[in-house]
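Below, each chain spelled out in residue letters.
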Amino acid sequence: MDHGNVPDDQLVARLGGADVAAFEALYRRYGDLIFSTCLRIVGEVQCAEDLTQEIFLRVWRKPQAFDPARGKFATWLLSVARNRAVDEVRSRGRRRRREAPPELDPEDTPSLVDDEDPAYAAQLADDRALVVGALRSLPPEQRRALELAYFGGMTQQEIATALGQPLGTVKTRIRLGMRKLRLAILGSAKEDPLP
Amino acid sequence: MNCQQAAELVDAHALGALDRPERRRLEAHLQRCPRCRQALAESEQVAASLPLSLPVRRAHPDLFERILLQMDQRRRGRGLRVSALARPLVAAGAAVLVAAALTALGLALSLQRRVNNLEEENESIAAQAQQTDLQFQSLALLNDEMARMVEQQRLAALALFAEDRAEWEITPGSGEPSTGEALYVWSRTYGVGVLTVRGLAPLPPESTYQLWFASGPEFYSGGTFEVRGSVVQHVFPLPEIGGRVTMMGVTVEPAGGSQEPTGQWVLRSVPPTASPGTSPTP
């Protein structure tokens, strides 16, 4: 069954009826994105796969945990994944990375094109380009603060300590960085990048 | 905390960068301030976009299969009620259809039987099923077309032996110009229906057979199929039908199928009489 034009909310609603095809459609849309996010945070492929599996099983077993009235499914799913990955790093007692990993040019990475959902994948590629461009437009210190917070799981105080900067400076960088991102991402499109 | 103070914290909160005392103060304010909740929702959307900037890394190709395996283990572990077959195969002709279907499935059925026989040993089932899935993945690497065919057969095998399997025999009605017969087996768990057909004549290229479900006055397409041999089998995804299915049948339609039945009915059947495990609604 072709789920290419079915919104996420409807697919999630079908999970209540044990619709495996709808679940697979959601995995095809977000599986690699969730995996990439977890990998960026935990730094290990096997751990990232385990977390991805856990997160999607959580969606399958309890789809009602997502409340469409509170926002988009993609936003919720990524939030769950990010928080779970950060918790995993903390619970394992690993030393959080203080430095961002080497950047890879997104153009050098595999395409997300899904043969069974090409329209969706193409839209995602456009959205990715928008976000990458928006981040590159930030001053490096603002971008660094955002990445240490989101992917590094660090509080503002921890970022300030790690960078040897005043707490107020870090707070300002985060606020200014997010303001610019909000304008670039939400201001340039009628809908946010995530479906 | 007032809204101005909250506004200075929502971005950091969306990034997960507040310490616990700040987070608690902000959350207390958010409970009574819808405007700040909306501001937080926007910040969360922006924060959730950050992963889009990451280099794309593909998860292992068998990760979804592993997830399916975990789902299946949990489903079995709950001890769900086992549905009996809708009804026994009532005619030798129907038995021949099923036998032909079993023959056509080959390796997939053999593997599925092994999984069923080991049902009481959860770890053994997991290991065997994982090997089965890995074997199917190995085939997928060899040839895309072959992989698609194998997946169809695997789904058919799962449906034919599913705990919630139900079946429906479709025969020519009186006055209908067909010597064919069909058996439709479906499983809601796996979301597929398996149609095994015997005795229908091949059609010219401009025509196709189309499977239909009727629910009251509404018709729903179950898919189109071609006939190239004496016994053919097709695996279709289950259609979304809102109500109870009152009739199933096959018509001859223009190539590509139709939105509703327009051609001649060659097979048509009403639902079987109620019996334990009957589920006339796919």
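The structure under discussion appears in the preceding block.
Heads up: these notes are all about the structure in this document. The structure presented is a predicted model; accordingly, all values stated were derived computationally and were not measured.

On to the overall build of chain B, then. Within chain B one finds nine helices and eight strands. The 282 residues of chain B split such that 46% are buried. For chain B, restricting intrachain contacts to residue pairs at least 6 apart in sequence, the fraction spanning at least 24 positions comes to 64%.

To continue, consider the overall build of chain A. Helix and strand counts for chain A come out as eight helices and zero strands. Listing every helix and strand of chain A by position from the N terminus yields α-α-α-α-α-α-α-α. Counted over contacts in chain A with a minimum sequence separation of 6, partners at least 24 positions apart contribute 63%. Just so you have it, chain A exposes about 9400 Å², and 50% of that area is on carbon and sulfur atoms.

Residue and element names in this part refer to chain A. Packing of helix H2 (residues 20–42) against helix H4 (residues 73–91) brings their axes to within 9 Å, and their N-to-C directions diverge by 30°. It follows that H2 is roughly parallel to H4 by the angle criterion. Handedness of the crossing formed by H2 with H4: right-handed. Two secondary-structure elements touch here, H2 through Leu26, Tyr30, Leu33, Ile34, Thr37, Cys38, Ile41 and Val42 and H4 through Phe73, Ala74, Leu77, Leu78, Ala81, Arg82, Ala85, Val86 and Val89.

Our next topic: the side chain of A:Arg84. All names here are of chain A. With respect to the helices and strands, Arg84 occurs in helix H4. Reaching out from Arg84, the side chain makes a polar contact with the side chain of Glu54 at a distance of 2.6 Å. Setting aside residues no more than four positions away along its own chain, Arg84 makes contact with Leu51, Glu54, Ile55 and Arg58.

Residue and element names in this part refer to chain B. Sheet architecture is open: four strands sit in the order S5-S4-S7-S8, paired in antiparallel fashion. Pairing within the sheet leaves two strands with one partner each, and these edge strands are strand S5 (218–225) and strand S8 (265–269). Averaged over all pairs of adjacent strands, the angle between strand axes in this sheet comes to 25°, irrespective of strand direction. Summarising the sheet, strand S4 (residues 207–215) and strand S7 (residues 247–254) pair through eight bridges and their orientation is antiparallel. By the bridge assignment for S7, Trp212 is matched with Gly249.

Another aspect to go through is the pairing of S5(B). Residue and element names in this part refer to chain B. With seven bridges joining them, S4 and S5 adopt antiparallel strand pairing. Note that in S5 the partner of Ala214 across the bridge is Phe219. Hairpin connection, S4 to S5: the antiparallel pair is bridged by two residues, and Gly216 has positive phi, about 65°.

Taken together, the contact between chain B and chain A spans 42 residues of the former and 57 residues of the latter. Here chain B packs against chain A, burying approximately 4800 Å² in sum over the two surfaces, 66% of which is carbon and sulfur. Taken together, the links from chain B to chain A amount to four salt bridges. Between A:Asp32 and B:Arg58 there is a salt bridge, with its nearest N and O atoms 2.8 Å apart.

This next bit is on the nonpolar core. Core analysis: the largest hydrophobic core is formed by 82 residues, its most contacted members being A:Tyr30, A:Ile34, A:Ile174, A:Leu181 and B:Leu15. Among the elements that take part in this core, H2(A) stands out by supplying 14 residues, more than any other. Once residues within four sequence positions are removed from consideration, A:Ile174 is found in contact with A:Ala145, A:Leu146, A:Ala149, A:Gln156, A:Ile159, B:Ala12 and B:Leu15. Residues B:Ala166, B:Trp186, B:Val197 and B:Met248 belong to the second largest nonpolar core, which totals 23 residues.

The next thing to look at is the packing of aromatic side chains. On inspection of all chains with the given rule, the structure shows 16 aromatic pairs over all chains. Between A:Phe73 and A:Trp76 the ring centres are 5.8 Å apart and the planes differ by 40°, which places this aromatic pair in the tilted class. A residue pair is termed a helical-turn pair when its members lie 3 or 4 positions apart in one helix, as A:Phe73 and A:Trp76 do in helix H4 at three residues. Residue classification places A:Phe73 among the buried positions, given a relative accessible area of 2%. Taken together, the aromatic side chains of A:Phe23, A:Tyr27, A:Phe56, A:Trp60 and B:Phe64 make up a single cluster linked through ring pairs. In this structure, A:Arg82 is placed above the aromatic ring of A:Tyr150, and the distance from its NZ or CZ to the ring centre is 5.4 Å.

Before going further, it helps to examine the sheet that holds strand S2 (residues 181–187) of chain B. Residues and elements named next belong to chain B. Here four strands make up an open sheet; going across it, the order is S1-S2-S3-S6 and the pairing antiparallel. What marks the edges here is a single partner per strand, and that holds for strand S1 (166–170) and strand S6 (231–237). Neighbour to neighbour, the strand axes of the sheet diverge by 15° on average, direction disregarded. In the sheet, S2 pairs with strand S3 (residues 192–198) via seven bridges, with the strands oriented antiparallel. Considered in S3, the bridge of Tyr184 is made with Leu195.

Right, let's talk about unusual backbone geometry for a bit. Backbone geometry at A:Ala18 places phi at a positive 60°, although glycine is not the residue there. Inspection of the secondary structure puts A:Ala18 in the loop between helix H1 (8–15) and H2.

The next thing to look at is the environment of B:Ala214. Residues and elements named next belong to chain B. Of note, Ala214 is situated in strand S4. In this structure Ala214 comes out as buried when scored by relative accessible area, which is 3%. The spatial distance from the C-alpha of Ala214 to the C-alpha of Val270 is 9.5 Å, given a sequence separation of 56 residues. Other than its neighbours up to four places away in sequence, Ala214 contacts Phe219, Arg244, Val245, Thr246 and Met247.

What counts as what
- Counting restarts for each chain: residues are numbered from 1 in the order of the written sequence.
- A letter from A marks each chain and a number from 1 marks each ligand, given out in the order of writing.
- Restriction of local features to residues with pLDDT of at least 70 applies here, the model being predicted, together with a cutoff of 80 or more for giving and counting side-chain atom pairs; totals for whole chains, interfaces and linings are based on all residues.
- For side-chain calculations, the full set of non-hydrogen atoms in the structure is used, while hydrogens and water are omitted.
- Elements are defined by DSSP. Helices are runs of H or I of four residues or more, strands are runs of E of two residues or more, and each kind is numbered from the N terminus.
- The buried label applies to any residue whose accessible area, calculated with a 1.4 Å probe on protein chains only, is under 20% of its type's maximum; exposed applies above 50%, and partly exposed to all values in between.
- The contact definition used throughout considers only heavy atoms, calling two residues in contact when any of these lie within 4.5 Å.
- Per-residue and other accessible areas were derived by the Shrake-Rupley procedure at a 1.4 Å probe size, with only the shown protein chains allowed to occlude residues.
- Helix axes use the C-alpha atoms of the stretch in contact, all axes being lines fitted to C-alpha atoms, and the angles between their N-to-C directions lie in the range 0 to 180 degrees.
- In these notes the angle categories are as follows: under 35 degrees is roughly parallel, over 145 is roughly antiparallel, 65 to 115 is roughly perpendicular, and the rest is oblique.
- Take the far helix as your reference; a near helix turned counterclockwise from it by less than a right angle gives a left-handed crossing, and one turned clockwise gives a right-handed crossing.
- Counting of polar contacts relies on pairs of N or O atoms within 3.5 Å, with two restrictions inside protein: one atom must be capable of donating a hydrogen and the other of accepting it, and residues adjacent in sequence are counted only when both atoms are side-chain atoms.
- Two strands form a pair only when DSSP identifies at least two bridges running between them.
- In short, buried area is how much 1.4 Å probe accessible area vanishes from two parts on joining, totalled over both.
- Criterion for a salt bridge: a side-chain nitrogen of Lys or Arg within 4 Å of a carboxyl oxygen of Asp or Glu.
- The definition of a nonpolar core used throughout is a set of buried Ala, Val, Leu, Ile, Met, Phe, Trp, Tyr and Cys residues joined through side-chain atoms within 4.5 Å.
- Pairing of aromatic rings covers Phe, Tyr and Trp, the last through its six-membered ring, and needs centres within 6.5 Å; plane angles under 30 degrees mean stacked, over 60 mean edge-to-face, and all others mean tilted.
- We call a charge positioned over a ring when the NZ of a Lys or the CZ of an Arg lies within 6 Å of the ring centre and within 35 degrees of the ring normal.

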